[in-house]
Amino acid sequence: MGVPSVFLRTFGCNFKCAGFGMPRGELSTEAEDIASVVHLYNTYEDLPLVSTGCDSYASWHPDFKDLSPMLTSDAIADRIMEIIPHGEWQDEHLVITGGEPLLGWQRAYPDLLDHPKMEGLTEITFETNGTQQLTPEFREYLHNWNKVGREITFSVSAKLPASGEKWEDAIKPEIVCTYEEVGTAYLKLVVATEQDIKDAEQAVDEFRKAGFTGHIYLMPVGGVESVYNLNAKSVAIAAMKRGWRYSDRLQVPLFKNEWGT
Ligand code: SF4
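Before going into details, it helps to say that this report is about the structure given with it. (Residues numbered from 1 in each chain as written. Predicted model: local features only at pLDDT ≥ 70, side-chain atom pairs only at ≥ 80, totals over all residues. Heavy atoms only, no water.)

The subject of this paragraph is helix 4 (residues 136-147). The first and last C-alpha atoms of helix 4 sit 17 Å apart over twelve residues, in line with the 16 Å expected at 1.5 Å per residue. Residues of helix 4 that are buried include every one of F138, Y141, L142 and W145, and no others. In a view along the axis of helix 4, the buried residues occupy a sector of 100 degrees, so they form one face of it. Of the exposed residues in helix 4, the ones pointing more than 90 degrees away from its buried face are P136 and K147. On its buried face, helix 4 sits against helix 3 (109-113), strand 3 (123-128) and strand 4 (151-156). In the segment just after helix 4, G149 is the residue with positive phi, at about 75 degrees. (Helix = DSSP H or I, 4+ residues; strand = E, 2+ residues; numbered from the N terminus. Expected span 1.5 Å × (residues − 1). Buried < 20%, exposed > 50% of the residue type's maximum accessible area, 1.4 Å probe, protein only. Arc of directions from axis to C-beta. Contact = heavy atoms within 4.5 Å.)

Here the focus is the environment of F15. Within the secondary structure, F15 sits in the loop between strand 1 (5-9) and helix 1 (30-35). With relative accessibility at 6%, the residue F15 sits in the buried group. Sequence separation between F15 and K159 is 144 residues, and the spatial gap between their C-alpha atoms is 9.3 Å.

With respect to the helices and strands, P220 occurs in strand 6 (residues 216-220). When the C-alpha atoms of P220 and Q133 are compared, they prove to be 27 Å apart, with 87 residues separating the residues in sequence. In this structure, P220 is in contact with V190, V191, Y228, N231, A232, V235, Y246, S247 and R249, ignoring residues within four places of it in sequence.

G99 follows G98 through a cis peptide bond whose omega is 10 degrees. With respect to the element layout, G99 can be found in the loop between strand 2 (93-97) and helix 3. Positive phi values are uncommon outside glycine, yet C17 reaches one of about 50 degrees. Relative to the helices and strands, C17 is located in the loop between strand 1 and helix 1. The exposure class assigned to C17 is buried, which follows from its relative accessible area of 6%.

Right, let's talk about the side chain of E165 for a bit. With respect to the helices and strands, the residue E165 is situated in the loop between strand 4 and helix 5 (167-170). In this structure E165 is buried but unpaired, with K16 as the nearest side chain of opposite charge at 7.9 Å. Among the polar contacts made by the side chain of E165, one reaches the main-chain amide nitrogen of K16 at a distance of 2.9 Å. Among the polar contacts listed, one links the side chain of E165 to the backbone nitrogen of C17, at a separation of 2.9 Å. (Lys, Arg positive; Asp, Glu negative; His and termini not counted. Salt bridge = Lys/Arg side-chain N within 4 Å of Asp/Glu carboxyl O. Polar contact = N/O pair within 3.5 Å; in protein donor to acceptor, adjacent residues only side chain to side chain.)

Note that soluble globular proteins tend to have their nonpolar side chains buried in a common cluster. Within the largest apolar cluster, 51 residues are counted, with the highest numbers of intra-cluster contacts made by L94, F126 and F154. Considering each element in turn, this core owes the most residues, five residues, to helix 7 (residues 194-209). With sequence-adjacent residues up to four places away left out, L94 is seen in contact with V6, L8, I80, W89, L113, M118, L121, E123, I124 and T125. (Core = buried A, V, L, I, M, F, W, Y, C linked by side-chain atoms within 4.5 Å.)

Dropping the structure here:
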């Protein structure tokens, strides 16, 4: 947080996370309600923000797919050069997010990362839900990419029951442990209630038993300030009590979580 970063957001996710911000057992319909009037919107940036469910719904819900551009590696590299201040990589990190960025996109990243304009890049973070195996080819590619003094981080937001996803589908320590073979990984667990924090403890226990060594972060639920402000302080205190780390959502107070932030 606070590091100048370019976010590359890929389309598609294996989850929906419609439980965030909802009473336990209930699922948000906000994304579906917006999808029913998708004809009113011309780009994803015009879509409304949601206060429940996944706040990145435009990056995976099939009804919004046509609102996102399909870009070649050349076009993505050019766009990045326009965004970063000096027209070349300096302190900037590349954060590859989604949706779930470790779905089939693994096949596309080598083409982008080998692009001449990406040569000065020294740190990549994958923001993943931690359910996707690295393919042998991509694992090998990352091993080689890492060899020359660069850093790869997996920011693993494993989904607790508060997300609405099932434990057995979402908590995959054996997969996440393999990420630690090619880079650094940490867990970022999104919580609001006491029950969520108990779930976080159970998940951490399972990850540790599987051999996961990375740091643990708690992050408050809340893509909009009204929800986020309810949770932030109590979640920070819960993290402190357990010797875990706390992750803010800087884009919420600074930019109101608007698209592109
Ligand atoms: S895993 Fe992430 S991107 Fe996918 S639905 Fe859940 S919160 Fe959204």
